[in-house]
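Listed here are the chains, written in short residue letters.
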Amino acid sequence: MNNLYKDIENQIVNIPDKIESIGIITGAGISQESGIPTFRGKDGLWKNYKPEELATPYAFEKNPKLVWEWYEMRRQIIKKAEPNPAHYTLVKMEEFFENFLLVTQNVDGLHEKAGSKNIIELHGNIWRARCILCNYKEFLETPLPEIPPHCPKCNSLMRPDVLWFGETYDTNLLNIVQDFFQKIGLLFVIGSSGQVSVPVYLAKEAHLNGAIVIEINPDFSMYSHFADIILRYKAAEALPILWQFLKEKWQN
Ligand code: APR
Ligand code: ZN
């Protein structure tokens, strides 16, 4: 048995034999092995681009064309991407549990493409555009017919329906997550740096309410401080194996 198997086997001994409900938080790291760049870290997007010029309401006001061009570049990468074994493992986990909630910071839509059902996209979806005036929303394919796109209802500008820096979270979504996370036995945090603090807060609250926190991330993150189990591996490599072990443990 190699290290990965041994490490996982050793680390899961303290997980209870019965878990009623389970929560997941994912970040850009889970899609890294699908070929989608993360934001931070070695090849992270924020190394080459400035968030304040591309991912803020001010940036959009100043130069909507530039913002949309950046999103189109990312949409083209994402269009070609397929879910990886980590995304598919989460689908299997959802089938196993009656109470399952997947909270993602990713806007790439790969969880849905893999077949996950109970998903909360905390930071929106890159395929959806929203009118800045009347709030009309629609999914737009790439390439866009015009950049920037205009609202078919009121002809105002459409923006990507994603959460930008300086914007507030949808409180309805936060409430759903907080309610659900109060009663979970286990929380997986997969591929997130924790540099965005609201998801870290949600995880910490779950932890304080008794959830065992398992982190899967090759590097240290802001979740690592309070994670009970830390697997320093890539998600697509570790999650399927971890799931094999856990399923065996819980099926008996
Ligand atoms: N498997 C698991 N984790 C990985 C992998 C991998 N193959 N590759 C990289 N990682 C980890 C990195 O170590 C890092 O901790 O994924 C994390 C990616 O961090 P970020 O790029 O900061 O992504 P995320 O935490 O999702 O960012 C949050 O920031 O700019 C915003 O809105 C954007 O939703 C995003 C938010
Ligand atoms: Zn409109």
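Notes on the side chain of Ser-224
Item 1. Take Ser-224: it is sitting in the loop between β8 (212-216) and β9 (229-231).
Item 2. Of the residues examined, Ser-224 reaches a relative accessible area of 8% and is grouped as buried.
Item 3. At 3.0 Å, the side chain of Ser-224 and the side chain of Arg-232 are in polar contact.

Considerations on the sheet that holds strand β5 (residues 137-139)
Item 1. Read from one edge to the other, the open sheet built from three strands follows the order β5-β4-β6, with strand pairing classed as antiparallel. At either end of the open sheet lies a strand with only one pairing partner, and these are β5 and β6 (158-162). Averaged over all pairs of adjacent strands, the angle between strand axes in this sheet comes to 40°, irrespective of strand direction.
Item 2. Set on the sheet, helix α6 (residues 64-80) makes contact with β4 (124-131) and β6; between it and β4 the angle comes to about 140°.

Regarding the coordination of the zinc ion (ligand 2)
Around a metal, the idealised angle for a tetrahedral arrangement of four donor atoms is 109.5 degrees; for an octahedral arrangement of six donor atoms it is 90 or 180 degrees.
Item 1. Note on the zinc ion (ligand 2): its protein donors are Cys-131 (SG), Cys-134 (SG), Cys-151 (SG) and Cys-154 (SG). The metal-donor distances range over 2.3 Å.
Item 2. Coordination at the zinc ion (ligand 2) is tetrahedral, judged from the four donor atoms that bind it and the angles of 97 to 120° they form at the metal.
Item 3. Read in sequence order, the donor residues coordinating the zinc ion (ligand 2) give the pattern C-x2-C-x16-C-x2-C. Note that Cys-131 is positioned in strand β4 and Cys-151 in the loop between β5 and β6, a separation of 20 residues in sequence.

Reading the values: rules and limits
- Residues numbered from 1 in each chain as written.
- Chains lettered and ligands numbered in written order.
- Predicted model: local features only at pLDDT ≥ 70, side-chain atom pairs only at ≥ 80, totals over all residues.
- Heavy atoms only, no water.
- Helix = DSSP H or I, 4+ residues; strand = E, 2+ residues; numbered from the N terminus.
- Buried < 20%, exposed > 50% of the residue type's maximum accessible area, 1.4 Å probe, protein only.
- Polar contact = N/O pair within 3.5 Å; in protein donor to acceptor, adjacent residues only side chain to side chain.
- Pairing = 2+ DSSP bridges.
- Axes fitted to C-alpha atoms, helices over the stretch in contact; angles between N-to-C directions.
- Contact = heavy atoms within 4.5 Å.
- Donors = N, O, S within 2.8 Å, 3.2 Å for Na, K, Ca; no water.
- Tetrahedral: all angles 85-135°; square planar, octahedral: opposite > 155°, others 65-115°.

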